[in-house]
Amino acid sequence: MFTRAHIKDSFSAAIPVMLGYVAIGIPCGILCDSIGLNALQVFLLSALFYSGAGQFMIPNMYLASSSVASIVASVSLVNTRQMLYSASFVPNCKNVSKRLAFFFAATVTDETYGVSTQRFAEGDWSVDRALMLNLFSQTSWALSNVVGVLVGSALSIPLNIASFAMTSIFICLMVTQKLTSANIVAMVAAMLGVYLAKLLGLTGPAILVGALVGVAAAFAFSAIVGKSGSKGGAKER
Amino acid sequence: MSWQEFWIIFVCCALTMLACRVLPLFLLKGKELPDGLNRALGFIPPAAFAALVANDLLAPGMFAEGLWPAAIPFAAAICVVVVALKTKSLLWSALTGVAAFALLLLI
């Protein structure tokens, strides 16, 4: 469980995510400061809501004078993709207590989902380490946001460059997946799905829609290939 | 933003987020999952990572104002792919991506 060795494991796994969160957490705090949120409010958001995409959306939509109801609806819609992460951790949480599973699931983000998924696949990982990875990352996110509020606009970080750290993390996670034909179908279909969703104006849920299209396409592909008796083409882990 | 607006947004968003994060796991935990569902769950990682990448890189009309500035994220992404395949390291990938993106913007 929470041994010294596990804490070390978790911390080293968390380093790339923590650095990425510093890079985008500070600009996020600066943005929140610009709509008059104070350090306490930003800390509450970072600690209990804890969503990079969401915490950028709230001030941006507020600046565009959206109503409170439409901010809540849009942000919630964007975060529906978390349901997929939650479902995908079911096998890993089979033999852990409800309390541990709850705190782990409640602190998963896009990035920590990716890191834990990769580590679970490699085998040397467990839910307690995954929870600590989440908490290290969350601490980095919350502190960076508060720093952003405190420095305000005294510091300027080019956000397009900083946020490319996250894009790079997702690219690395994607290309280091097992490249079975079914997985490749999942990836290509998911990318097409995201593009089509955006084309249809479904920018908010684009990630969820794309990922579901990818899963469905790979599932259909593996069913067809499996039926025609082709050798192991649909074999995923 | 007033405190009242803040509380409404904060509480509602935090609750829907918690539900999305926790409910699917608890609804499925402890049940024998049918084979098909297990197989589908296995496709979530490649599909989700590809969707996250596509969400950052692709947008309708992205080349509307010419090829070059718009191609910078793709050029940087290719550098990341090379480094990711070689090192399998998230940290090196992130550093490469940020450096490549910043350098390409300077050109």
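This structure is a prediction, so every number in the text was calculated from the model and none was measured.

Scoring rules and cut-offs
Residues numbered from 1 in each chain as written. Chains lettered and ligands numbered in written order. Predicted model: local features only at pLDDT ≥ 70, side-chain atom pairs only at ≥ 80, totals over all residues. Domains from an automatic or database assignment. Contact = placed C-beta atoms within 7 Å. Helix = DSSP H or I, 4+ residues; strand = E, 2+ residues; numbered from the N terminus. Nonpolar A, V, L, I, M, F, W, Y, C, P; charged D, E, K, R; others polar. Axes fitted to C-alpha atoms, helices over the stretch in contact; angles between N-to-C directions. Left-handed = near helix turned anticlockwise from the far one by under 90°. Parallel < 35°, antiparallel > 145°, perpendicular 65-115°, else oblique.

**A short note on the domain arrangement of chain A**
Residues and elements named next belong to chain A. Domain annotation of chain A identifies domain 1 (4–176) and domain 2 (178–237). Distance between the C-alpha centres of domain 1 and domain 2: 25 Å. Between domain 1 and domain 2, the residue contacts involve eight residues of the former and seven residues of the latter. The dominant element in the side of domain 1 that touches domain 2, judged by the number of residues it contributes, is helix α4 (residues 68–78), at three residues. Among the residues forming the side of domain 1 that touches domain 2, the class breakdown is five nonpolar, two polar and one charged.

**Some words on the packing of helix α9 (residues 159–175) of chain A against helix α3 (residues 44–57) of chain B**
Packing of α9 of chain A against α3 of chain B leaves a shortest axis separation of 9 Å and a crossing angle of 145°. For α9 of chain A against α3 of chain B, the interelement crossing comes out left-handed. Here α9 of chain A contributes T167, F170, I171, L173 and M174 of chain A to the contact with α3 of chain B, which in turn contributes P46, F49, A50, L52, V53, D56 and L57 of chain B.

**Some points on the packing of helix α4 (residues 68–87) of chain B against helix α5 (residues 90–106) of chain B**
Residues and elements named next belong to chain B. Across the interface, α4 lies against α5 with an axial gap of 8 Å and an inter-helix angle of 150°. For the element pair α4 / α5, the angle class is roughly antiparallel. Crossing angle aside, the handedness with which α4 passes α5 is right-handed. Of the residues in α5, those in contact with I72, P73, A75, A76, C79, V80, V83, A84 and T87 of α4 are W92, S93, T96, G97, A100, F101, L104 and L105. Among the residues making up the contact of α4 with α5, the classes are represented as 13 nonpolar, four polar and no charged.

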